[in-house]
Amino acid sequence: MTKKNEFCRMPVWYPDFSAFAFMTSFVKLNDDEIAALGEGVTSGPRVKDVIKRMKQPMHFIPGNSFVSVDLVAPTDTERFKHKRGAVHSARSAWKYLALSEKVRQSAQAGDVQYVCMRPFRRMNQTREFRLFVHKRELKAMSQYCLIRHFRRLDSVQGKYWEMAKLFIEEIAWLLPTENIVVDIYFTSESDILLIDFNQWGECKPLMLHSWDQDWDEELGPLMMPPPTKISGDVNVSF
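Everything in this summary refers to the structure shown in the same document. (Residues numbered from 1 in each chain as written. Predicted model: local features only at pLDDT ≥ 70, side-chain atom pairs only at ≥ 80, totals over all residues. Heavy atoms only, no water.)

Some details on the sheet that holds strand S2 (residues 65-69)
Ordered by their spatial adjacency, three strands build an open sheet running S1-S3-S2, and the pairing between neighbours is antiparallel. Pairing within the sheet leaves two strands with one partner each, and these edge strands are strand S1 (25-28) and S2. Sheet twist, expressed as the mean angle between neighbouring strand axes with direction ignored, is 25°. Sheet topology places S2 next to strand S3 (residues 114-119); five bridges connect them, and they run antiparallel. Bridge pairing in S3 links Phe 66 to Arg 118. (Pairing = 2+ DSSP bridges. Helix = DSSP H or I, 4+ residues; strand = E, 2+ residues; numbered from the N terminus. Axes fitted to C-alpha atoms, helices over the stretch in contact; angles between N-to-C directions.)

What to know about the pairing of strand S7 (residues 192-199)
Where burial is concerned, most of S7 is hidden: six out of the eight residues are buried. As defined by bridge partners, strand S6 (residues 180-186) adjoins S7 across seven bridges and the pair is classed as antiparallel. If you follow Val 181 over to S7, its bridge partner there is Asn 198. Here S6 folds back onto S7, and the loop between the two strands holds five residues, one of which, Ser 190, carries a positive phi near 65°. (Buried < 20%, exposed > 50% of the residue type's maximum accessible area, 1.4 Å probe, protein only.)

This is the structure we're talking about:
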């Protein structure tokens, strides 16, 4: 297991932050099951026991489940593309983990010990954000989905920023390191759910574009700008 990002593994951080995150269950894998996952084995005798162990916790999850491993989720699969990763059975959950190149590479690198299972929730992309915490203080917040400008964020970004600052103040004493990146989700009930932790300086800075910042300054909320409008006489030649 890579020690550098140990605190980013969900089974490590979840006990301290379960009050702020989705209710999650964990199934530990043995060495042969980890190897099978790394090889992309979707069914058969090597994985029948882990699929059996996954059935019980998934039975108590109402509706569909979202299944990942310690550090990554199968976001590169067709299942995620079409159904945002929602799975109903343990067999299907294992299959899409094994079909994910991200998951296989993580298993091959020795960064997988557990399958992590939580209730599936259809996430509204306008409510997903990445928080940049420096010296246990929130310094910047970036819109996570950068496909376009979302007009509805114009009126709520100030509110979201203040909510995020209060959230980081509340959990600061629990953070495993002074500098950390926190992915969160604002619910429709005006709560914040913790989604993931990331190593400082090693994940995408999103709207910050670069890690080369004066982190003693508060950079605030950063959103995709609206499209540029061009007015007046415009001559275009090819």
